[in-house]
Amino acid sequence: MRILLVEDDASLGRTIQSWLQLDGYAVDWLDHGDLADAALRTHDYQCLVLDRGLPGASGDAILAALRARSEPLPVLLITARDALADRIEGLDLGADDYLVKPFDLEELSARIRAALRRGAATVAPVLLRHGAVALDPAAKRVTLDGVPVPLTAREFTVLQTLMRRSGQVFSRAQLEEALYGWGEEVESNAIEVHISNLRKKLGARFITTVRNHGYGLAPA
Ligand code: CA
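Residues numbered from 1 in each chain as written. Predicted model: local features only at pLDDT ≥ 70, side-chain atom pairs only at ≥ 80, totals over all residues. Heavy atoms only, no water.

Enquirer: Hey, could you run me through the coordination of the calcium ion in this one?
Expert: Ideal donor angles around a metal are set by the shape: a four-donor tetrahedron calls for 109.5 degrees, a six-donor octahedron for 90 or 180 degrees. For the calcium ion, the full set of protein donor atoms is Asp-8 (OD), Asp-51 (OD) and Gly-53 (O), at a range of 2.1 to 2.3 Å. Linear spacing of the donor residues for the calcium ion on their chain is D-x42-D-x1-G. Taken together, the residues Asp-8 in the loop between β1 (2–6) and α1 (10–22) and Gly-53 in the loop between β3 (47–51) and α3 (59–68) connect sequence positions 45 residues apart. Residue classification places Asp-8 among the partly exposed residues on the basis of a relative accessible area of 34%. (Donors = N, O, S within 2.8 Å, 3.2 Å for Na, K, Ca; no water. Helix = DSSP H or I, 4+ residues; strand = E, 2+ residues; numbered from the N terminus. Buried < 20%, exposed > 50% of the residue type's maximum accessible area, 1.4 Å probe, protein only.)

The structure is reproduced here in structure tokens:
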């Protein structure tokens, strides 16, 4: 899961980025509004966390441009302005949700999970299931036939990416996009290693390799 964070307050931006990385997301952080559009066109994000008051293009302008392209990307607006009129304005511009500073980081995580559920192809259930495997995004827990399976943070993210769109085949590049933000070193065989570990833990046939295309879940 890759998130774009646009926030010009350096201390808040750093705090949110570290928090969401610990939560298992790849997080690209920009501190200037004019850089957002290029990033949104270049990368495959699952959620945009957007400050309203920014140098350069405002959060509202970024959101309006995104929605004008009919991009369904879930957007969580954050702002210091707490007047009712501002909130209504933000939602009318096409934001999915709204957080007023200062906010609790746990609440930010919960709102992002909710936004990701709405952003899935069909409205995703709280608990993702495929065959005998169940994945709980909030508790970061995976079970096989009801028995907890310990996964690393990266393995969890790969599995969650595959389970959110269980009929889809993901290329290695798409999985890398979901795992690594800017400036994070990507080992050339990292995805193969995570897939191999997931197969050891969940069964060799749980994930299929589609030659020259990538990986997907075997039909349940
Ligand atoms: Ca700001």
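What follows continues from the structure just given.
Enquirer: Please clarify how α3 should be interpreted in this entry.
Expert: For α3, every residue scored as buried is listed here: Gly-59, Asp-60, Ile-62, Leu-63 and Leu-66. Along the axis of α3, the buried residues cluster in a sector spanning 160 degrees; they form a single face. On its buried face, α3 sits against α2 (36–42), β3, β4 (75–79) and α4 (84–92). Positive backbone phi, at 60 degrees, marks Ser-70, one or two positions downstream of α3. (Arc of directions from axis to C-beta. Contact = heavy atoms within 4.5 Å.)

Enquirer: Explanation requested: the sheet that holds strand β8 (residues 141–144) in the structure shown.
Expert: Across a sheet, paired strands are connected by hydrogen bonds in the backbone, their directions being either parallel or antiparallel. Spatial ordering of the open sheet is given by β6-β7-β8-β9, a layout of 4 strands whose pairing is antiparallel. Edge positions in the sheet fall to β6 (128–130) and β9 (147–148), since each has one partner strand and no second. Across 3 bridges, β6 lies against strand β7 (residues 133–136) in antiparallel orientation. Each residue of the ladder has a partner; that of Arg-129, found in β7, is Ala-134. Against the sheet, helix α6 (residues 153–164) engages β6, β7 and β8, with an angle of about 110 degrees to β7. (Pairing = 2+ DSSP bridges. Axes fitted to C-alpha atoms, helices over the stretch in contact; angles between N-to-C directions.)

Enquirer: How do you make sense of the sheet that holds strand β2 (residues 26–30) when you look at a structure like this?
Expert: Strand order in the open sheet formed by 5 strands is β2-β1-β3-β4-β5, and the pairing between neighbours is parallel. Only two strands of the sheet have a single neighbouring strand rather than two, namely β2 and β5 (97–100). Averaged over all pairs of adjacent strands, the angle between their axes in this sheet comes to 20 degrees, without regard to strand direction. Alignment of β1 against β2, held across 5 bridges, turns out to be parallel. Residue pairing for β2: Arg-2 is matched across the bridge by Ala-26. Across the sheet, α1 touches β1, β2 and β4, and the angle it forms with β2 is around 170 degrees. Lying over the sheet, α3 contacts β3 and β4, oriented at roughly 150 degrees with respect to β3.

Enquirer: How should I be thinking about the pairing of β7 in this particular structure?
Expert: In β7, alternate side chains face the same way, and those of Val-133 and Leu-135 on one face and Ala-134 and Asp-136 on the other are all buried. Counted along the chain from β6 to the antiparallel partner β7, the turn is 2 residues long, and its residue Gly-131 has a positive phi close to 60 degrees.

Enquirer: Looking at this structure, I do not really get the nonpolar core. What am I missing?
Expert: A general tendency of soluble globular proteins is for nonpolar side chains to be buried together. In terms of nonpolar packing, the biggest core is built from 23 residues, with Val-142, Leu-159, Leu-162, Ile-195, Leu-202 and Ile-207 touching the most fellow members. Contributions of two or more residues to this core are made by β7, α6, α7 (172–179), α8 (190–202) and β11 (214–217). For Ile-195, the residues in contact, after removing those within four places along its chain, are Val-158, Leu-162, Leu-175, Ile-207 and Tyr-215. Formed by 19 residues, the second largest nonpolar core is a distinct cluster that contains Leu-30, Ala-39, Leu-40 and Val-100. (Core = buried A, V, L, I, M, F, W, Y, C linked by side-chain atoms within 4.5 Å.)

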